[in-house]
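# Topology and contacts: notes
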Amino acid sequence: MKIIFTNTILVLLGLQFLGCSIDVKKANAPTDPPKVAKSFFSSSQIVGHFRASAPVMFLWPVDRWDEAAQAFVPLSFSEQAEVRKNIVKASEDKAFYEAEFFATEKQLDEKYLGLQESLKQEYVADRCYALCDPFELSCFPGKPETFFQDAWIDTDDPEELALIEKCIANENERRGLEADQTEEEEVILDPIEAKMIAANESLLATVGNRNFFNDFTTLELVYGPVASCEVVPNDCLDIDPGQTGLVVKVLFTGGGFSNVLNSGQDHQISEVDFDQENGFLTFKVPLIDFADENRVTGELFFDLELNPKGKELIVGGDIRRTLYATGKTRVGRISASGPIMPIEN
Amino acid sequence: MAFWTIIFSSLVGSSFCWAGGLSAPISINTTAVLPKGVRSVQVGGITTTVDGWFNDFGLSTGVAEPFNQELSYSRLLQAENDENLKLNVESQLRNQGVPLETIAGNSYADINTLVVATIPAMAYGLTDRWTVAFAVPIVYTNIDAETGFVGRDQLQELVTDFSTKSRKQTQLIQSKLKDVIATELANKGYQPLEDRERTEVGDLRLIAKYLAAKELSYSWAISNTLTVPTGRVRDIDFIVDPAPGDGQVDLSIASIFEVPVTSKLRLINQTSYTIQFADVIDTRIPVNQIERASADIDEGANRDLGDIISTSFAALYAPTDLFNFGASYTLGYKERDRWRGVNASADRYWALGVETEQFMQAVYLQAGLSTVELFKRKAFFLPMMANLGVGQVVDGRNVRNDPLWSMNMTLFF
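A brief report on the enclosed structure follows.

The rules behind these values
- All chains use their own residue numbering, which begins from 1 and follows the written sequence.
- The naming scheme follows written order: chains are lettered A onward, ligands numbered 1 onward.
- Side-chain atom pairs in this predicted model are given and counted only at pLDDT of 80 or more, local residue features only at pLDDT of at least 70, and totals for whole chains, interfaces and linings cover all residues.
- Calculation of side-chain values draws on the structure's entire complement of heavy atoms; hydrogens and water are dropped beforehand.
- Salt bridges, as used here, are contacts in which a Lys or Arg side-chain nitrogen is within 4 Å of a carboxyl oxygen on Asp or Glu.
- Secondary structure elements follow DSSP: runs of H or I no shorter than four residues count as helices, runs of E no shorter than two count as strands, and numbering proceeds from the N terminus.
- Each residue is placed in one exposure class: buried if its accessible area under a 1.4 Å probe, protein chains only, is under 20% of its type's maximum, exposed if it is over 50%, and partly exposed if it falls in between.
- Strands are labelled as partners when DSSP assigns at least two bridges between them.
- Lines fitted to the C-alpha atoms define the axes, with helices restricted to the stretch that makes contact. Angles between their N-to-C directions range from 0 to 180 degrees.
- Here, the term nonpolar core denotes a set of buried Ala, Val, Leu, Ile, Met, Phe, Trp, Tyr and Cys residues that are joined through side-chain atoms within 4.5 Å.
- Pairs of residues are marked as contacts when any of their non-hydrogen atoms sit within 4.5 Å.

## What to know about the pattern of salt bridges
Two side chains bearing opposite charge may form a pair once their charged atoms approach each other closely. Residue and element names in this part refer to chain B. For the structure shown, the criterion picks out 41 salt bridges over all chains. Of the charged contacts in the structure, one is a salt bridge between Glu357 and Arg397, with a shortest N-O distance of 3.2 Å. Placement of Glu357 in the loop between α7 (346-351) and β18 (358-370) and of Arg397 in strand β19 (residues 384-397) is noted, with a sequence separation of 40 residues between them. By relative accessible area, which is 25% here, Glu357 ends up partly exposed. Where salt bridges share partners, they join Arg196, Arg198, Glu200, Arg232 and Asp241 into one cluster.

## Here's the deal with the sheet that holds strand β17 (residues 338-340) of chain B
Residue and element names in this part refer to chain B. Read from one edge to the other, the open sheet built from three strands follows the order β13-β14-β17, with strand pairing classed as antiparallel. Of all strands in the sheet, those bounded by a partner on one side alone are β13 (279-284) and β17. Averaged over all neighbouring strand pairs, the angle between strand axes comes to 45 degrees, with direction disregarded. Across five bridges, the pairing between β13 and strand β14 (residues 297-304) is antiparallel. Bridging from a neighbouring strand, Asp279 pairs with Arg303 of β14.

## Digging into unusual backbone geometry
All names here are of chain A. Phi at Arg127 takes a positive value of approximately 55 degrees, unusual for a residue other than glycine. Locating Arg127 in the fold gives a position in the loop between α2 (77-125) and α3 (158-207). With a phi close to 55 degrees, Glu271 is a non-glycine residue in the positive phi region. Counting through the fold element by element, Glu271 comes out in strand β8 (residues 270-275).

## Topic: the pairing of strand β11 (residues 250-260) of chain B
Residues and elements named next belong to chain B. Pairing between strand β10 (residues 219-228) and β11: nine bridges, direction antiparallel. Each bridged residue has a counterpart across the sheet, and for Ser223 the counterpart in β11 is Ala254. Counting the residues between successive antiparallel strands, the hairpin from β11 to strand β12 (residues 265-276) contains four residues.

## Let's talk about the nonpolar core
If you look at the biggest cluster of nonpolar residues, it comprises 34 residues, and the most contacted ones within it are Phe216(A), Leu219(A), Val250(A), Leu281(A), Phe283(A), Val285(A) and Phe302(A). Among the elements that take part in this core, strand β9 (residues 280-289) of chain A stands out by supplying five residues, more than any other. Beyond its immediate sequence surroundings of up to four residues, Val250(A) is in contact with Phe216(A), Thr218(A), Leu219(A), Gly256(A), Phe257(A), Ile269(A), Phe283(A) and Val285(A). Judged by nonpolar contacts, the second largest core, of 29 residues, contains Leu77(B), Leu85(B), Ile111(B) and Tyr190(B).

Now the structure itself:
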C-alpha cells in the first residue's frame, strides 16, 4: 500500500511539471510582401573609364523665402514632400522631353539625310561638278564632293544644257529638303524643346540656387585591372597587382580628391565601398574651404547606384552633407551620365 | 475534522492572477484551516495557453488580433523613422497621384504562448483558527510568434515602378515591407517579436486565513493575501512579454462562507476584493488608442492598476472519504487602470488604460483525492490531497479565454 501511494505521490509531483513538456502551437501568419525584380547588374558592364562633367547635384530644399518676414522659414514635412514631388516631376518631365527631343531630332535627321544622300549620289553620278564655270573661284571641276555650284559653263550643247538643268533641279530639290527639314524641326522639335526648357527651369526654380552644388565639377570612375596596388577600396593594398579594382575621383572647384594613394592631396576619399553584386558605390569626401587655408568645414557622403545602359553609365543616388560647425546633416540627390571609355594605359 | 481538508487554493488563492488582471479560477476555496502546529507542503501546477481572449466588445478573438490591421500608406510612413526615405516615398506617391489613405496591405501576426506555473507553498497552523502560508510561483513561458505582411496589387506596381528609378532605395523599401510589424517595432526601439522561452520566479504571496465561525450549519473564514512584487515585470522593450509579476503590492481580502448541506455536499461562497496599490513604473506611452506601440518612454509614470472584485459559488461533493468532485461559477470585475505622467499629453496616458477594464464569468470543475480521512482512521500512513481541475472563462471583456488546467498536491505533517 505504502509503495503504491509513494509512487502515486511521485507521479503526481511529476505531473506538476508535465506542462513544461507540452510543445507550444506553431505560429503561422500569412505573408506576401511586394517583390523587387532581381538586380541584373553586372560589374563587367562598367569596366572602363567613366567621366561625367558637371553632374546635377543638389540638396533637397528644407526652407522657403518668406516675403513678408524677409527670411527663410522652415518647410513642414508635408511641404518638403510637396517640394520633392515637384522636383521629381520636373526631373521626370525634363528627362522625358530630352529623350523625346533627341529621338525626334535623330528621326528627322535620318529621314532627310537619306533623301539628301540619294540626291547627292545622283549629283555625283551626273558629274555635275564638272559643269561648273571655270572662271568662278569656287569652282573645282575635279572635286566630286562639290554639291552646290554658283555658276555653270556657257554652252550650246543640248546634252550639256539638259544636264545643267538636271543638276540645278537636283540642287533645288536638296535646298527644298533642307527648308522642309528646318520647317519640320520648327514645327515638331521647337515645342518639345520649349517643354524641355520649361521643365529644366521649373527644376532649377524648385530646387533653388542655394541648394545646388555648383562647385562639384567632375565625377570620375575607373573600374578595371589596377596596375599596382595603390588603391584604397576593397582592401586593394592586400591584393595582387592586376586584380580588378576601383578608382574614384571627384573634382571640386579648387581641388580634386581621389582614393588613389601617393598622389599628393588627392587621396582624401575615404570609406569607399563598392557592392559589386548590386552596383552600389559609397564613399566620403571632406568639404574643404579652399579659399580659407583649406579648412575642413564638413564632410560629404555619396551613396550612389551605377546603372549601365549599353556603353553609357547613369549614376544616381543620395548625398549627405554634414557641416561640422552646426553638426546638421542635409540630404540631396546627385545624377550624372556619360560614356564608358576604354581604360588608357 | 473538516478543517483538515485545507486545499491548495487556501494558500495561493482561487484564481491565477496574470500580472494584475482577471483569469479563470484554478481551485475552490473553502473555510478550512490547519490545526495548531500542523504544517503542509504543497506543489501546484498550472498549465494554459494564451492564444485567445474576449475583447473590449466581448467577442472572442486571438491575442495577436491587434497586429492584424489594414495599413494605409500614411500609416506605413508614420511608422518609419528614416525621414529621408519617408519624404522620398511620399513625394513619389504624390507624384503618382496615390492618396496617402489608400490601403497598402495588411499586417498579420500569430502569437501562441504556453504558460506553465509551478507553485510551491508552505502553510502552518498558528492556532486552530489562524493559518499562515506563503507561495512563490515559478513560471515557465514559451512564445511562438510569426508576423507577415500581404501587400495589395497597387503596392506591387508602385514598388516595381520605384525600382526603375532607384534600385537601392527600392531594396530598402522591400526589406522594410517584408515584415512591417518587425520594421515598426525596430523603428520604435522594441526587441524583435520572436520565439522566446524562459523560466522565472513570480510574485511572492503571503496568506493569513482566519476561521471566524465554525457552527454545525455553517462556517465562515476570512483570508488576507499580500502579494509582494518579487517577480519580473514586463520589459517595455518587448511588445509582447508575459511577465510573472506586475511590479506592485496587492492586498486581497476574502470572505468564505460554507454551508454543509449534507455530510457529502457543501456549498461555498467566496467574495473577495483586491486592492492593487499605486506605484511608479517605466512604460511606453502609446501614440494613441489605436497605435499602442510607441517610441516614447516614461521612466517614472504613476500607475494605479484597477482593483478587483469577484464572487464565486461552488459545490463540493465527496461521495467517499477518498474522492471528491467540485464545480464553481465565478463572476469577476476589474476596474480600469489609471496612468499619469508628464512626458506626454494626458490623453496618451489615458490610452494606457484602454481595454484594461475587465469583466469575467467563469466556470471551474475539479476532481480530488484525499487520504486525510484514511489517515485519521489510521488506515493510511500519510495525510495528503491531490486535485486536478480546469477553469474556463465563458464570457467577459478584455480577459483571456483559454482553458486553464490546474493540479496540486498537498502533504500534511
